[in-house]
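A closer look at the structure
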Amino acid sequence: MMHRTSIYSVIVALIPKSSALIGLQPVLLDTSTIIKFSYPCIKNPWSYQSQNIQDFLVPHNCIRANLGLRPLQWSEKLASFANSWANQRKKDCALIHSNTDYGENIFWGSGKDWTPSNAVAAWAAEKKYYNYKMNTCIQNKDCLHYTQMVWKQSLRVGCAKVTCKSGDTFITCNYDPHGNVIGQKPF
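Here is a short report on the structure shown in this document. (Residues numbered from 1 in each chain as written. Predicted model: local features only at pLDDT ≥ 70, side-chain atom pairs only at ≥ 80, totals over all residues. Heavy atoms only, no water.)

**Considerations on the overall build of the protein chain**
Each helix and strand in the protein chain was counted, giving four helices and ten strands. Overall, the protein chain shows an N-to-C arrangement of helices and strands of β-β-β-β-α-β-α-β-α-β-β-α-β-β. Residue burial in the protein chain is summarised as follows: out of 187 residues, 44% are buried. Intrachain contacts of the protein chain at a sequence separation of at least 6 include 66% that bridge at least 24 residues. Carbon and sulfur atoms make up 54% of the accessible area of the protein chain, which totals about 10,100 Å². (Helix = DSSP H or I, 4+ residues; strand = E, 2+ residues; numbered from the N terminus. Buried < 20%, exposed > 50% of the residue type's maximum accessible area, 1.4 Å probe, protein only. Contact = heavy atoms within 4.5 Å. Areas by Shrake-Rupley, 256 points an atom, 1.4 Å probe, with all protein chains shown as cover.)

Laid out in structure tokens, this is it:
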């Protein structure tokens, strides 16, 4: 079956009032925080069941498509690695990166209701901190989750989500080849 493409203005996440750690930086979000993107997407990309591969892949590829980049392909090998790492973090939900040559984005959210698209939206929101001309993040801000997602040479992604012992959410995505190579621009 062929999917028709259209331009959608999608509200990716309405994030509840909380003090949340996104990436490695504490960020205070309130109920008015809406992360919104306009991009070409397959029709109704948010109709998939939770934990489906498409829940991770579609938001990544919509953001990449907005920049004219090739879509990422799902990798079972990377997903297996991400799942193994997420399960190791299940006991403490700590924002600790694995020691691997893959690119890696990690996300923590208070409570169990966070979705893959929430994590991708949080990483994509770092775009405002990236200065393409200087190829740097704005001082004291993190943008490396965003640049990893849109790294032109990254071709494959695999992700996992777990509910930690505390009841909080841990999400991780791994990318191959890794991005954020010093001295190179993401696209």
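**Concerning the environment of Trp108**
For Trp108, the position within the fold is in strand 6 (residues 103-109). A C-alpha to C-alpha distance of 8.2 Å links Trp108 and Ala119, two positions eleven residues apart in sequence. Here the side chain of Trp108 touches Asp168 through a polar contact of 3.4 Å, side chain to side chain. (Polar contact = N/O pair within 3.5 Å; in protein donor to acceptor, adjacent residues only side chain to side chain.)

**A short note on the sheet that holds strand 5 (residues 73-74)**
Read from one edge to the other, the open sheet built from four strands follows the order 5-9-10-6, with strand pairing classed as mixed. One side of each edge strand has no neighbouring strand; the edge strands of this open sheet are strand 5 and strand 6. In terms of strand pairing, strand 6 meets strand 10 (residues 169-176) through seven bridges, oriented antiparallel. Within strand 10, the position partnered with Glu104 by the bridge is Asn174. Packing of helix 1 (residues 53-66) onto the sheet brings it into contact with strand 5, strand 9 (156-163) and strand 10, and relative to strand 9 it is tilted by some 125 degrees. Contacts from helix 3 (residues 116-124) reach strand 6, strand 9 and strand 10, with the element oriented near 115 degrees to strand 6. (Pairing = 2+ DSSP bridges. Axes fitted to C-alpha atoms, helices over the stretch in contact; angles between N-to-C directions.)

**Digging into helix 1**
Across its 14 residues, helix 1 extends 20 Å between first and last C-alpha, which sits within 8% of the 20 Å expected from 1.5 Å per residue. Among the 14 residues in helix 1, ten count as buried, and that is most of the element. Of the residues flanking the start of helix 1, the one acting as N-cap is Asn52, its side-chain oxygen 2.9 Å from the backbone nitrogen of Gln54. The positive-phi residue at the C-terminal boundary of helix 1 is Gly68, with phi of around 75 degrees. (Expected span 1.5 Å × (residues − 1).)

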